[in-house]
Amino acid sequence: MAADSLRRAARESVSGLPRAFWWLWTSTLVNRLGAFVATFMTLYLTLDRGYSASFAGLVVALHGLGGVVSSLVAGVMTDRLGRRPTLLAAQASTAFSVALLGFMEHPAAIAAVALLVGMTSNASRPAVAAMMADIVRPEDRVRAFALNYWAINLGFAISATAAGLIAEYSYLAGFLGEAALTLACAVLVYVKLPESRPERGTADGSGASPDKGGTGAETEPEIGLGTVLRDGRFMGVVGLSFLISLIFTQGSVGLPVAMGTAGFSPGDYGLVIAVNGLLIVALQIPVTRLIEHRDPQKLLVVSALLAGYGFALTAFAGPVWAYALTVCVWTLAEIVNSPTQMGLVVRLSPVHGRGRYQGVYTMSWSVAALVAPLMAGFMIDRWGANWLWAATGVLGTGAAVGYWLLMRNLPTEATDSAPAASGGPATTTPRTQEPLPAAPN
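Predicted model only: the values in this text are computed from it and were never measured.

Asker: Help me understand the overall build of the chain in this model?
Answerer: The helix and strand tally for the chain stands at 17 helices and zero strands. Split into buried and exposed, the 441 residues of the chain put 52% on the buried side. The long-range share in the chain, meaning contacts at least 24 apart out of those at least 6 apart in sequence, stands at 81%. Put simply, the chain shows about 18,800 Å² of open surface, and 67% of that area lies on carbon and sulfur atoms.

Structural data, given as structure tokens:
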């Protein structure tokens with residue numbers, strides 16, 4: 001009976017999504033299976049190449065800076081050129097730049113190529129999110145984003161283990177392996193994924209125009225980055241995303257430093273942080289089944305509190321198992337927050353501006369990746385780790401209040417027909433907020 005229930009739950013979790021989504025999901029999984037550079041960059045520079053920790057920190061910061069720049073550029077490309085061309089360009093250039101990084105010898109060359117890798121590897125994110133919004137029905141988007149997030153963490157869990165073994169043999173093999181898998185993703189996109197960008201013409205993406213029976217009044221105004229930046233409610237989401245990102249990034253920045261200062265070994269930290277990946281792989285799908293049709297305002301408020309106070313509890317952790325328990329708390333917040341917030345971003349984005357909106361949203365995480373290490377290092381060195389954990393509690397409380405205020409009187413999202421059987425884009429008309437003049441009815 002239990003086995004039947006599990007099989008039924010699994011079928012319900014994956015049913016009803018278009019074929020194109022599963023090819024996109026597969027490309028995400030394959031891409032994350034090759035996540036070598038982001039995981040082992042610091043160890044490669046300090047242990048294998050013999051550079052200082054400060055130089056390694058500079059290179060990692062440049063990698064993050066590349067992501068900030070490419071988020072905006074890729075968002076514009078996604079809307080102007082299309083989702084598929086942007087994905088192809090991003091993945092092919094990532095494969096080239098990652099392979100090139102493995103052969104760099106001079107410190108300046110390593111730093112420059114690391115910046116390039118950061119730009120290319122982050123350029124695919126707005127296109128993936130926009131394509132997912134195009135092809136999945138509004139009522140299924142939270143589930144779709146959760147499944148994609150699950151693939152990211154499953155791929156990372158596998159790659160982190162495999163990459164550690166590869167690094168013991170050859171770091172260059174790791175770089176070339178990531179390049180090969182990324183190139184495989186580009187081929188998969190080219191062969192299996194059709195372009196999903198809604199046809200330009202009207203606010204609902206139908207492509208009607210005056211010469212085809214439409215009226216000039218129906219035409220959606222041009223959407224630029226200025227439109228995104230003037231959208232007060234959406235930029236509020238971006239700001240809250242930045243706060244949440246500052247909190248979650250401490251799991252890979254502040255937590256290892258604090259545990260090392262407290263006398264724990266790298267192996268102890270590895271065991272503790274492994275709980276995060278294992279819980280996401282085990283719980284992401286069943287938890288999403290429980291929350292996908294619930295009030296997003298309450299979900300985001302609760303997840304912000306769990307994130308902030310989950311990290312704040314680290315101040316009271318003593319043995320390794322206590323640290324692991326705190327990870328359980330903020331991992332649950334991560335499981336709830338990620339798909340819910342992604343669904344909200346799509347909900348606030350006009351059809352023909354999804355790339356730009358996703359680019360600005362992605363930038364919030366990239367900027368947090370730059371700020372979080374500085375924040376953790378300054379607070380731990382000056383006042384101690386407990387002040388950092390107290391700060392995460394304050395940030396979580398502020399984000400929770402922000403979500404509660406931001407999402408009051410949020411209009412109900414419209415839902416339309418299902419995607420075509422061929423896996424084509426869903427004909428959806430998301431409700432957007434003031435002050436967007438392009439908001440469809």
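Asker: When you look at the nonpolar core in this model, what are you seeing that I'm missing?
Answerer: Generally speaking, soluble globular proteins have nonpolar side chains that are buried together. Grouped together as the largest cluster of nonpolar side chains are 76 residues, with contacts concentrated most on Phe21, Met132, Phe234, Leu255 and Tyr403. Per element, the largest residue contribution to this core is 10 residues, and it comes from helix H15 (residues 320-347). The residues touching Met132, leaving out its near neighbours within four places in the chain, are Phe21, Leu24, Ala144, Phe145 and Asn148. If you look at the next biggest cluster of nonpolar residues, it comprises 21 residues, including Tyr51, Met104, Tyr171 and Ala179.

Asker: I'm lost on the packing of helix H2 (residues 19-33) against helix H9 (residues 171-192) in this one. Help?
Answerer: Relative orientation and spacing of two packed helices are given, respectively, by the angle between their axes and the distance between those axes. The interhelical angle for the contact between H2 and H9, taken along N-to-C directions, is 170°, at an axis separation of 8 Å. Between H2 and H9, the angle falls in the class roughly antiparallel. Between H2 and H9, the residues in contact are Trp23, Thr26, Ser27, Val30, Asn31 and Leu33 and Leu181, Thr182, Cys185, Leu188 and Lys192, respectively. By residue class, the composition of the contact of H2 with H9 is six nonpolar, four polar and one charged.

Asker: What am I meant to see in H9 here?
Answerer: Because each turn of an α-helix spans 3.6 residues, side chains separated by three or four positions end up pointing in the same direction. For H9, with 22 residues, the first-to-last C-alpha span of 32 Å sits near the 32 Å given by 1.5 Å per residue. Among the residues making up H9, those that are buried are Tyr171, Gly174, Phe175, Glu178, Ala179, Thr182, Cys185, Ala186, Leu188 and Val189. The backbone nitrogen of Leu172 lies 3.3 Å from a side-chain oxygen of the residue at the head of H9, namely Ser170.

Asker: Is there a simple way to explain the packing of helix H5 (residues 83-101) against H9 in this structure?
Answerer: Running from N to C, H5 and H9 cross one another at 165°; their axes reach a closest spacing of 8 Å. Between H5 and H9, the angle falls in the class roughly antiparallel. In the packing of H5 onto H9, the handedness of the crossing is left-handed. Together, Arg84, Leu87, Leu88, Gln91, Ala92, Thr94, Ala95, Val98, Ala99 and Leu101 of H5 and Phe175, Leu176, Glu178, Ala179, Thr182, Leu183, Cys185, Ala186, Val189 and Tyr190 of H9 make up the contact between the two elements.

Asker: What's the story with the packing of aromatic side chains in this structure? I'm lost.
Answerer: Two measures describe an aromatic ring pair: the distance that separates the ring centres and the angle between the ring planes. Inspection of every chain in the model, using the stated rule, returns seven aromatic pairs. Their ring planes at 15° and their centres at 6.2 Å tell us that Trp25 and Trp150 sit as a pair that is stacked. Highlighted residues: Trp25 in helix H2 and Trp150 in helix H8 (residues 141-169), separated in sequence by 125 residues. Judged by relative accessible area, which is 17%, Trp150 ranks as buried. Members of the aromatic cluster, joined through ring pairs, are Phe21, Trp22, Trp25 and Trp150.

Asker: Explain a nonpolar patch on the surface here, please?
Answerer: A cluster of nonpolar side chains, Leu65, Val69, Val73 and Met119, forms an exposed patch at the surface whose accessible area comes to about 290 Å². Checked against the element boundaries, Met119 lands in helix H6 (residues 107-122).

Asker: Would you mind going over the confidence of the model for the chain with me for this structure?
Answerer: Do not read the predicted coordinates in detail wherever pLDDT is low. For the chain, mean pLDDT is 77; residues scoring 70 or higher make up 81% of the total. Predicted confidence for residues 202-218 stays below pLDDT 50, and this span has 26 contacts to residues more than four positions away or in other chains. Confidence drops under a pLDDT of 50 for residues 414-441, and excluding neighbours within four residues, the segment shows 84 contacts in the predicted structure.

Asker: Looking at this structure, I do not really get the environment of Ile152. What am I missing?
Answerer: Within the secondary structure layout, Ile152 lies in helix H8. The exposure class assigned to Ile152 is partly exposed, which follows from its relative accessible area of 26%. A C-alpha to C-alpha distance of 9.0 Å links Ile152 and Val30, two positions 122 residues apart in sequence.

Asker: Even after reading the chapter, I still don't get helix H14 (residues 296-312), so can you show me in this structure?
Answerer: A rise of 1.5 Å per residue sets the reference length of H14, with its 17 residues, at 24 Å; its end C-alpha atoms lie 24 Å apart and thus fit the reference within 8%. Listed in full, the buried residues belonging to H14 are Gln297, Leu299, Leu300, Val301, Ser303, Ala304, Ala307, Gly308, Gly310, Phe311 and Ala312.

Cut-offs and rules
Starting afresh in each chain, residues are numbered from 1 along the sequence in its written order. Where local features are concerned, this predicted model is filtered to residues with pLDDT of at least 70; where side-chain atom pairs are given and counted, the filter is 80 or more; whole-chain, interface and lining totals use all residues. By convention in this description, side-chain values take in all heavy atoms of the structure and omit both hydrogens and water. The helix and strand labels rest on DSSP assignments: H or I over at least four residues marks a helix, E over at least two residues marks a strand, and numbering proceeds from the N terminus. For every residue, the accessible area (1.4 Å probe, protein chains only) is compared with the maximum for its type, and the residue is labelled buried under 20%, exposed over 50%, or partly exposed between those bounds. In this description, contact between two residues means that some pair of their heavy atoms is separated by no more than 4.5 Å. Here the Shrake-Rupley method, with its probe set to 1.4 Å, supplies the accessible areas, and only the displayed protein chains count as covering residues. In this description, a nonpolar core means a group of buried Ala, Val, Leu, Ile, Met, Phe, Trp, Tyr and Cys residues linked to one another through side-chain atoms lying within 4.5 Å. Between the N-to-C directions of two axes lies an angle of 0 to 180 degrees, each axis being a line fitted to C-alpha atoms and, for a helix, fitted only over the stretch in contact. What sets the label is the angle itself: under 35 degrees gives roughly parallel, over 145 gives roughly antiparallel, 65 to 115 gives roughly perpendicular, and the rest give oblique. Any residue outside Ala, Val, Leu, Ile, Met, Phe, Trp, Tyr, Cys, Pro, Asp, Glu, Lys and Arg is labelled polar, Gly included; the first ten of those are nonpolar and the last four are charged. In this scheme, a helix's expected span is set at 1.5 Å multiplied by one less than its residue total. Identification of polar contacts relies on pairs of N or O atoms within 3.5 Å, with a donor-acceptor requirement for protein atoms, meaning one able to donate a hydrogen and the other able to accept it, and with residues adjacent in sequence counted only if both atoms are side-chain atoms. Put simply, a crossing is left-handed when the front helix is turned counterclockwise from the back one by less than a right angle, and right-handed when it is turned clockwise. Only centres within 6.5 Å qualify two rings of Phe, Tyr or Trp (six-membered ring in Trp) as a pair; their planes then separate them into stacked at under 30 degrees, edge-to-face at over 60, and tilted for everything else. Like-charged residues within 9 Å of one another, or nonpolar side chains (Val, Leu, Ile, Met, Phe, Trp, Tyr) within 5 Å, are grouped into patches, provided each residue has over 30% relative accessible area and no salt bridge. Definition used for salt bridges: Asp or Glu carboxyl oxygen within 4 Å of a side-chain nitrogen of Lys or Arg. Each residue carries a pLDDT score, the predictor's confidence in it, ranging from 0 to 100.

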